[in-house]
Structures are given as C-alpha cells and as structure tokens.
Amino acid sequence: MFTYILDLSNVDTDGTTTSLNQWALDFQGNLERILTSIAIAKGRGATLRVGPELEIPGYGCLDHFLEGDTVLHSWEVLAKILSSEETMGIVCDIGMPVVHKNVIYNCRVIIHDRKILLIRPKMWMANDGNYRELRFFTPWIKHRQWEDHYLPRIIQAVTGQTKVPFGDAVVSTLDTCFGVELCEELFTPASPHILMGLDGVEIFSNSSGSHHELRKLYTRVELIKEATLKQGCDGDRLYYDGCALIAVNGRIVAQGSQFSLNDVEVVSATVDIEDVRAHRAKSSRSMQAASAERYHRIEVPFALTRGKFDEITEDDSLSLVGNNSVDVRFHSPEEEIAYASYSFSFC
C-alpha cells in the first residue's frame, strides 16, 4: 500500500510520502506503523506527511467495512494519533472509513496540531478487476461542495471540535494551497487535480491501495508525471507492491522501493513552490484558470514552507531538488514476477 505526493513544491517545502505494510483489522499494529512513519517524517524536517489509502483499518477489510466496529475502532486509532506528540507541528493526511449521515465513505482526514482540518471523501470508486469498492463505500457526488460533519465524542475530547468540514474542499495555508486525490481518481479522464490546479491548488496528494499487476508501475509513473506536468499483503488475496513517488512539474524527484519487505518506508524531498508557479506561467493555462470554478478553501494559520527570513542551512540548500530528477527504476517483467511471487509467499 502506497501513496504519492504530487506537485509538492517562499522558499522550500519538505514533504514525505510513505509505504506501510498495513494489515486488515490490525488496529494496534497499523497505529504503530503510522506513528513511526510520522516520526521519521518529522525527523527529516517534513511539514506534510501523506499515508496510504485506508491505512488505519487496512485496505483489505472487505465486508468488515460494513460493520460499525470497524469505523468505531478507526476513530479510536485516530484519537490516539491526534493525541500523540508525534503529530504536532506537521500536517498529516490519514486514511480511514467515515460514516456521514449514515452513509459509509472512504476518506482522507487532514489533521494538524490536534485539530481536524478537513475530511475529504473519495469521489470516484475503483470497481473493476479485483476492486469492489462500491460494495462497501458510496462515492461523494457533490463536487466542490462540503457539509458539516459532527464528530464522535472520543474525538471531541481530544480536539475540542464538535464539527468539521466534510466534502470536496481544499486547505489554504499561509503560503500555499493543497488538495487531495484518492487512488482511482488519478486514473479517471477528468481527475480532480485538473480543476484544483486551475483554481490555484499547488500541492496534490494521492493516496492509493493499488495492488500489484505486471508492468503497472509504468502506468502509475506516467499518470503522476502527466498530472504534475499540465506495501505488503493486508489480509486479502492481493499483493501491494509499494513504490511511493514524489513528482514536481512532470519530473519524478523521489522514488521508494518496489516489493520491499520493510514495514515502514518513508520517501522525502525538499522542493521550491516557486518552481510550480513559474511552470504554470503560460498564457493559455492562465486563461483557463481565470474562469475556473472555485473550491471552498479551509483557511489555516500555519505555513508549509520556510520563508526568506527563516534560517536556511547549507544542508537545506543542498537538499532542494531544483531541476533535478531521478531515473525511475523499473524491474523487468521477469524480475517483477520473481519479486512478487517471493514477497507474496513471505507475507
């Protein structure tokens, strides 16, 4: 199970994306791996951490998603994450199921300093091949709309909030704006990042529970590059091959390992938001952006970047990706078959 940060980019922003070996209904183990990934991200100076799809209960819970206990235990785990010192001073994008007005949604929960900023439900579901998401979840069809979601008391006790925004919205910080995609949404012709980008969103996250298919990594990489240019088995009979990615302006700047047996893998990069802004300075794009429909912005009083008056060390300057990119590592078909077979047997 893996995730990407897209377009992470008035100086530098540090972001991390994680691959976690999550297991269905292993709430304690999943919690420990989530907190470990957050601690690693903070240790690297990151201001934004993005985790896998449905990372709290595990992606492969199948019909257990229809049980109230799965959602309840997910809230209990989120309460522990919110209460942890590890989550202070960093924005975390967490995946879990949420019941809103008696409807079950596959959601991302954006948190910062013991507050929930936004709950963003998945809008386009994966429902072909090995996927049966419509059996468990309902898509959010109110595009660019949001509602109040009333929190369970276990969360109210931690955050002091009774309700938070729920729906298709974006988060506006002091220095930039970021939005969320979920897995299948990247694969659709009219992906949400297109309209979000036209409305000024500069950072996109895409969290996935995408299982391994032969040569599928190439498709993922090309979709992510295109989007920025204009692990483990979890109890199901599927193998998730990991390989988290960070891309800027159509360039892959960081790549995690594929078929790793590590429980936690964190991939990080430091990028300049001004690179994104300069890349978008094209007249034809600007004409479309000027007429773009508006997303509701959740305004928050913190910054993801370090401004010019903050202390910038030599290490910070050296870690900026600039115009650099990495050569994406693709295994041969024979290697994929061998690694996937071994890893699945190991799980």
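Residues numbered from 1 in each chain as written. Predicted model: local features only at pLDDT ≥ 70, side-chain atom pairs only at ≥ 80, totals over all residues. Heavy atoms only, no water.

A. Representation of the overall build of the protein within the structure. The secondary structure content of the protein amounts to eleven helices and 16 strands. With 347 residues in all, the protein has 56% of them scored as buried. (Helix = DSSP H or I, 4+ residues; strand = E, 2+ residues; numbered from the N terminus. Buried < 20%, exposed > 50% of the residue type's maximum accessible area, 1.4 Å probe, protein only.)

B. Examining the nonpolar core more closely. Core analysis: the biggest nonpolar cluster contains 32 residues, and Ile-56, Trp-75, Leu-78, Ile-81, Ile-116 and Ile-119 have the highest contact counts within it. If we skip the residues at most four places from it in the chain, Ile-116 touches Trp-75, Leu-78, Leu-82, Val-109, Ile-110, Ile-111, Leu-151, Ile-155, Gln-161 and Val-164. The next biggest cluster of nonpolar side chains, apart from the first, holds 16 residues, and it includes Val-50, Ile-110, Ile-203 and Leu-304. (Core = buried A, V, L, I, M, F, W, Y, C linked by side-chain atoms within 4.5 Å. Contact = heavy atoms within 4.5 Å.)

C. Spotlight on the confidence of the model for the protein. Across the protein, the average pLDDT comes to 84, with 79% of residues at or above 70. The low-confidence segment residues 1-11, where pLDDT is below 50, has 106 contacts with residues more than four positions distant or belonging to other chains. For residues 230-235, every residue scores under 50 in pLDDT, and the model assigns this stretch 34 contacts once sequence neighbours within four places are set aside. (pLDDT = per-residue confidence, 0-100.)

D. The arrangement of the pairing of strand β10 (residues 177-182) in detail. For β10, a buried count of six out of six residues is recorded, marking the element as mostly surrounded by other parts of the structure. Here two bridges tie strand β9 (residues 170-172) to β10, and the two strands are oriented antiparallel to one another. Paired with Val-171 across the bridge in β10 is Phe-178. (Pairing = 2+ DSSP bridges.)

E. Region of interest: the packing of aromatic side chains. The full count for this structure, using the stated rule, is seven aromatic pairs. With 6.2 Å between their ring centres and 80° between their planes, Tyr-59 and Tyr-131 make a pair best called edge-to-face. Here the residue Tyr-59 occupies a position in the loop between β3 (48-50) and α2 (68-83), and Tyr-131 occupies one in the loop between β6 (115-121) and α3 (133-136), the gap between them amounting to 72 residues. The burial state of Tyr-59 is the same as that of Tyr-131; both residues are buried. Both rings, one in Phe-65 and one in Phe-137, keep their centres 4.8 Å apart while their planes meet at 55°; by these two values the pair is tilted. (Phe/Tyr/Trp six-rings, centres within 6.5 Å; stacked < 30°, edge-to-face > 60°.)

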